[in-house]
Amino acid sequence: MSETNTLIDPYVWFAHLRQHTPVSRMENEGPWQIAKHADVQRILRDHTTFSSEVSTRPPEERDGAPSMLFSDPPVHQRLRKLVSVAFKPSHIEAQREAITERCRRLIDAMPVGEPFDLVTALAAPLPVMVIAEMLGVEDGDMAAFKSWSDAIFSNIGDILFAEPSAEAVAASEAMNAYFLDEIETLRSSPEDHLLSRLVHVETEEGHLTDEELLSFCRLLLIAGNETTTGLITASARIFHEMPDTFTAIEASPALATSFVEEVLRFYSPFSATARRTTEPVEIGGQSIGAGELIIPLIASANRDEEVFDEPEHFKMDRFPNPHLGLGVGIHFCLGAHLARLEGAITAQLLAQQFNTLKLVNPDSAVMGGLGGPKSLLIEMR
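Note on numbering: residues in each chain are counted from 1, in written sequence order. Local features in a predicted model are, by the rule used here, given only for residues with pLDDT of at least 70; side-chain atom pairs are given and counted only at 80 or more, and totals for whole chains, interfaces and linings are based on all residues. For the side-chain quantities, the full set of heavy atoms in the structure was used; hydrogens and water were omitted.

1. Focus: the pairing of strand S8 (residues 293–296)
At step 1: Only protein chains enter the accessibility calculation, which uses a 1.4 Å probe; a residue is then buried when its area is under 20% of its type maximum, exposed when over 50%, and partly exposed in between. Here a helix means four or more residues in a row that DSSP labels H or I, a strand means two or more in a row labelled E, and each is numbered from the N terminus. A two-sided burial pattern is seen for S8, the buried positions comprising Leu293 and Ile295 on one face and Ile294 and Pro296 on the other.
At step 2: Here the rule is simple: two strands pair whenever DSSP picks up at least two bridges between them. The pairing of strand S2 (residues 32–34) with S8 spans three bridges and is classified as parallel. Considered in S8, the bridge of Gln33 is made with Ile295.
At step 3: In this sheet, S8 lies alongside strand S5 (residues 275–277) in antiparallel orientation, the contact comprising two bridges. Pairing of Arg275 across the sheet is with Ile294, part of S8.

Spelled out as structure tokens, the structure:
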């Protein structure tokens, strides 16, 4: 792997935490950060002790109905059950041809021999277009969808624990207004797509409210977009650092599947998540009280020396590969199969069409954040 500025490389810090303070306060009286694989996996699997209802903002100040990401059973199961059928592997696999064609068109439009932003050209529009079609809003403004997603997602900490920025509030209001118009139209004129089915579905508690429907739209558009965008930008960094992976996939496209799994481990799209303890608990020898905020460091867990052989090396054929890049437990990524499919198709088509992929400013392309960089200049040859 090429040298990275250790001052800004979070993986150097993660290694330090695993070796010296695997369970520690992030700051004086702040959240607890958890660095080792076994502890992170335990937290993600035990939703009873480690709740996903982490927000400290009063319910009346939050934006609408609870999201699946930040809810516990029974609310979580009810919400997930309503949309999980649309993300079944068989349903996603049926979209392979359409996703391949969409990806091919975006790649065909990319310039050759000059710098361009991979996020704008491919990594953002591909997943946004796929989710937009599932929701029946593919005629919408994809750039607006992405800008709303970025504004909300980059402000998620303040949305949960403090005061959201004016930009995030404006983005949320614009997204809500757009989807409320769509929902109102679908009530009188049903169509054959996921959002229409959610509008008309009858649950034990009756029809979904507008707030619940908006919660689904926000979740699918934002989470569905950010995971795959992060996966594609991370793949580009791997292609730059290890060109042999590019030529290997060109020679054997089937390798793209294991390549994607190792990318999810090596440069996890989501470096961390959050949970809150429901009772006193001990983790890694540390006693933690009830009601404490816990930050499981997924990206650190995925480089744990006790779980992965040579974790700092990218091994395209790594097996087994028990990474936590898409989560585990009841909050395992709903769109995991979709993200994997989009990532593999993208890797195959890039390797098919080009000889090399280079990052223009590799030192600025730091992985290990949430969802990947917002811009990534590359050059294709």
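So that's the structure; there's more coming.
2. A look at unusual backbone geometry
At step 1: The step from Pro73 to Pro74 runs through a cis peptide bond, and the omega angle for that step is 5°.
At step 2: Among the structural elements, Pro74 can be located in the loop between strand S3 (50–51) and helix H3 (75–84).
At step 3: Of note, the amide linkage connecting Phe319 to Pro320 takes the cis form, showing an omega dihedral of -5°.
At step 4: In this fold, Pro320 is placed in the loop between helix H15 (298–301) and helix H16 (336–353).
At step 5: You will see that Glu29, though not glycine, has its phi angle at about 65°, which is positive.
At step 6: Among the structural elements, Glu29 can be located in the loop between strand S1 (23–25) and S2.

3. What to know about the packing of aromatic side chains
At step 1: Between rings of Phe, Tyr and Trp, where Trp is taken as its six-membered ring, a pair exists when centres lie within 6.5 Å; planes separated by under 30 degrees are stacked, by over 60 edge-to-face, and by other angles tilted. In this structure the tally under the stated criterion is 12 aromatic pairs.
At step 2: On the numbers, 5.7 Å between centres and 50° between planes, the contact of Phe145 with Trp148 is tilted. Of this pair, Phe145 and Trp148 both sit in helix H8 (residues 142–153), three residues apart, which is roughly one turn of that helix. Each of the two residues, Phe145 as well as Trp148, counts as buried.
At step 3: When the centroid spacing of 5.3 Å and the interplanar angle of 70° are considered together, the rings of Phe145 and Tyr178 count as edge-to-face.

4. Thoughts on the pairing of strand S10 (residues 377–380)
Side-chain direction in a regular strand flips from residue to residue, so the side chains alternate between the two faces of the sheet.
At step 1: Judged from the two bridges that link them, strand S4 (residues 116–117) and S10 form a sheet pairing that is antiparallel. Among the inter-strand pairings, Phe116 is bridged to a residue of S10, identified as Ile378.
At step 2: Alignment of strand S9 (residues 357–359) against S10, held across three bridges, turns out to be antiparallel. Residue pairing for S10: Leu359 is matched across the bridge by Ile378.

5. Observations regarding the packing of helix H7 (residues 125–135) against helix H12 (residues 210–241)
At step 1: Note on geometry: axes are C-alpha line fits, over the in-contact stretch for helices, and angles between N-to-C directions span 0 to 180 degrees. Interaxial distance between H7 and H12 falls to 8 Å at its minimum, and their mutual angle equals 150°. By the criterion of interaxial angle, the relationship of H7 to H12 is roughly antiparallel. Where H7 crosses over H12, the handedness of that crossing is right-handed. Taken together, the residues of H12 that come into contact with H7 (itself represented by Leu126, Pro127, Val128, Ile131 and Leu135) are Cys217, Leu220, Leu221, Gly224, Asn225, Thr228, Thr229 and Ile232.
At step 2: In the contact of H7 with H12, the residues fall into nine nonpolar, four polar and no charged. The cut-offs work like this: below 35 degrees is roughly parallel, past 145 is roughly antiparallel, 65 to 115 is roughly perpendicular, and the gaps in between are oblique. Two helices that cross are described as forming a left-handed crossing if the nearer one is turned anticlockwise from the farther one by less than a right angle, and a right-handed crossing if clockwise. In this analysis, two residues are considered to be in contact whenever any of their non-hydrogen atoms come within 4.5 Å of each other. Only Asp, Glu, Lys and Arg are considered charged in this grouping, and only Ala, Val, Leu, Ile, Met, Phe, Trp, Tyr, Cys and Pro are considered nonpolar; every other residue, Gly among them, is considered polar.

6. Observations regarding the sheet that holds S3
At step 1: If you trace the five strands from one edge of the open sheet to the other, you get S1-S2-S8-S5-S3, paired in mixed fashion. Two strands in the sheet have a free side with no partner beyond their single neighbour: S1 and S3.
At step 2: Strands S1, S2, S3, S5 and S8 of the sheet are contacted by helix H2 (residues 37–45), whose axis makes an angle of about 125° with S8.

7. Observations concerning the packing of H12 against helix H13 (residues 243–251)
At step 1: Where H12 meets H13, the closest approach of the two axes is 4 Å, and the angle between their N-to-C directions is 105°. Classed by the angle they form, the pair H12 and H13 counts as roughly perpendicular. Of the residues in H13, those touching H12 at Ile238, Phe239, His240 and Glu241 are Pro243, Thr245, Phe246 and Ile249.
At step 2: Here the contact of H12 with H13 is built from residues that sort into five nonpolar, two polar and one charged.

8. Looking at the sheet that holds S9
At step 1: In space, the three strands of this open sheet follow the order S4-S10-S9, with antiparallel pairing throughout. In this open sheet, the two strands that pair with only one neighbour each are S4 and S9.

9. Let's talk about the layout of surface pockets
At step 1: In this analysis the probe radius is 1.4 Å and the grid spacing 1 Å, with only protein atoms considered; a cavity is a set of points the probe fits into but cannot get out of, a pocket is an open set with protein on both sides within 12 Å along at least five of seven lines, and lining residues have an atom within 4 Å of a point. Grid points are joined across faces, edges and corners, and a volume is the space filled by probe spheres set on the points. Space inside the second largest pocket adds up to approximately 230 Å³.
At step 2: What lines the second largest pocket is simply Ala86, His91, Gln95, Ala98, Arg102, Val130, Glu133, Met134, Asp192, His193, Leu194 and Arg197.
At step 3: For the lining of the second largest pocket, the secondary structure elements donating two or more residues are helix H5 (96–108), H7 and helix H11 (194–200).
At step 4: In terms of residue count, H7 provides more of the lining of the second largest pocket than any other element does, three residues in total.

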